[in-house]
Amino acid sequence: MEKISSLTLVFLLASLGGTFGQTANFTVSPIGPLRSGAATQFVCKGIGTDFGDSLNLEKDNKNIFTYGGQVQEPFAATTRYAAQGSSTTNPNTLIITLDITGLKPEDAGNYMCIISDASAAHGKLVDAKSLEVGAQVVSLSLSTMKLVSSTTVPGVNQTTMAPAAPNTFDVNDNGVITCSAHGPVAPTIAVSIGGDILTGGEIAVTKSSSGEDGLKMYNHSVVYTVTRTFTVSDNGKELKCTSDVLGGLYTKQQSVTLQVGSEAPSTTTSGPSPYVPQIECNNDPKPDIGETNIELKCSVEVRKEMPVLSMGWSFNDTSDAPVEMVSGQCLTDDGMVKDCLKESDDYDIQTYTRDPVDVNANTTEYSYYLRFQKITKEHTGIYTIKVTNSAGTNWKSNVVTVSDKSVSSTAAICANVAVLLLAVFLTMFR
């Protein structure tokens, strides 16, 4: 079999005068990381072994092959793992040769060559090497939005966005640039304008896994957000988002041309139509944990001849194309991601719409609601409604801030007790 790449693990065990000395010698060729689809070979040797000694090759503490045996599950089921044992004499040497073909990201991990001596006094001798396998990101997206205001709410970073023509800004506008990448191997992300890398942004990384131990498959989500005050010198420059997996093993790019100020090309749109949906929502609710049937209501007015074509809600998504909450997510304290619209347990959030009514001869009003069946702290966040008609699309962000009444009550009681004690103290010493 032609080897695209090889990884050789050699573990040396020497027996001398009834005592054991060990030497670990690992060689890697080529020095990874390796691309998906490549092949690699592991060779694990136990030199100077005695009768009863055993030799194992493991990955992430999961046994792949024991000398004299066969490839174990889940590795055998892939049909990409082939191992065989052999031996030589003078000195006695046990050898395991493992070939892996068609490498995949789940093959990455920590491989260990383990020699177990028949004498309990000598125990195990172990050495290891890490294998990195890269893969292209599944998706990469780049978006921009005009930042109208930015305020801080306890526990929430709130940004309010203004709908505008994509990638189009006035001079001195503050904007938010968001680059998102998803894939089996965590990428690094860089955002640049005219070739100059933008720094000082915020990065959010989430990871989920599936599959059996030893061959875990991972899904990484990396979102990089950076703000910028646009100048006329940005006009016509390329805004680029680049993802990089394992130091250039795989790269992917998304880019757009910025239009800033009066020098923008003549194709620049003049801004949103005045007939896009006009959105008004009730004040940002501040419910307590445990409250039930809390509603967030938004009223949308449109011209009668331009009815609403589509609408959707998103959660903590301030991009220029908010993802509807059917795929929205809540991030809990333990790092697990749950579906905000999963209608079970405490994550039950319902969406519903009232029939449109005529406001006057020219205008129709639609009413859209989010109903929180039972408030939990995970409901804190930014809920954005996106509404589209034939004139365009408009957004409105609403902050839901959840407070813990029990904590507040406890603090109030403590404060009252402190005041009472102080009054008693002052009375005693008058």
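Residues numbered from 1 in each chain as written. Predicted model: local features only at pLDDT ≥ 70, side-chain atom pairs only at ≥ 80, totals over all residues. Heavy atoms only, no water.

Regarding the sheet that holds strand S23 (residues 278–281)
Hydrogen bonding along the main chain pairs the strands of a sheet, whether they run parallel or antiparallel. Stated precisely, the cut-off is as follows: A pair of strands is considered paired only if DSSP assigns at least 2 bridges between the two. In this description a helix means any DSSP run of H or I spanning at least four residues, a strand means any run of E spanning at least two, and both kinds are numbered starting from the N terminus. A fitted line through C-alpha atoms represents every axis, and for helices the fit uses only the stretch in contact; the resulting angles, taken between N-to-C directions, go from 0 to 180 degrees.
Judged by pairing direction, the sheet is antiparallel, and its 4 strands sit side by side in the order S23-S24-S29-S28 without closing on themselves. In the strand order of this sheet, the two ends are held by S23 and strand S28 (349–358), each with one partner. Across this sheet, the average inter-strand angle for adjacent strands is 20 degrees, counted without regard to direction. Direction of pairing for strand S24 (residues 292–303) relative to strand S29 (residues 363–374): antiparallel, over a ladder of 11 bridges. The residue bridging Arg 303 from the neighbouring strand is Thr 363, located in S29.

Quick word on the sheet that holds strand S25 (residues 310–315)
Across the sheet, which stays open at both edges, the 3 strands sit in the order S25-S30-S31 with antiparallel pairing between neighbours. Each edge of the open sheet carries a strand with a single partner, namely S25 and strand S31 (392–400). Neighbouring strand axes in the sheet, compared pairwise and without regard to direction, differ in orientation by 15 degrees on average.

What to know about the state of the cysteines
Should the sulfur atoms of two cysteines be covalently bonded, the bond is a disulfide. Rule in force here: Any cysteine sulfur atom paired with another within 2.5 Å is treated as part of a disulfide. With a 1.4 Å probe rolled over the protein chains alone, any residue whose accessible area is under 20% of its type maximum counts as buried; one over 50% counts as exposed, and the rest are partly exposed.
Per the counting criterion, the structure on display carries 3 disulfides. Two residues, Cys 179 and Cys 241, share a disulfide whose sulfurs are 1.5 Å apart. Of this pair, Cys 179 sits in strand S15 (residues 174–183) while Cys 241 sits in strand S20 (residues 238–245), and the two are 62 residues apart along the sequence. Since its relative accessible area comes to 0%, Cys 179 is described here as buried. Paired by a disulfide, Cys 281 and Cys 298 hold their sulfur atoms 1.9 Å apart. Residues Cys 281 and Cys 298 share a disulfide whose torsion about the S-S bond is about 105 degrees; that sign makes it right-handed.

Regarding unusual backbone geometry
With an omega dihedral of 5 degrees, the bond running from Glu 73 to Pro 74 counts as a cis peptide bond. With respect to the element layout, Pro 74 can be found in the loop between strand S6 (62–66) and helix H1 (75–78). Not every positive phi belongs to a glycine, and Asp 60 is a case in point at roughly 50 degrees. Residue position: Asp 60 is located in the loop between strand S5 (54–59) and S6. Residue classification places Asp 60 among the partly exposed residues on the basis of a relative accessible area of 36%. At Asn 293, a position not held by glycine, the phi torsion is positive, near 55 degrees. Topologically, Asn 293 is positioned in strand S24.

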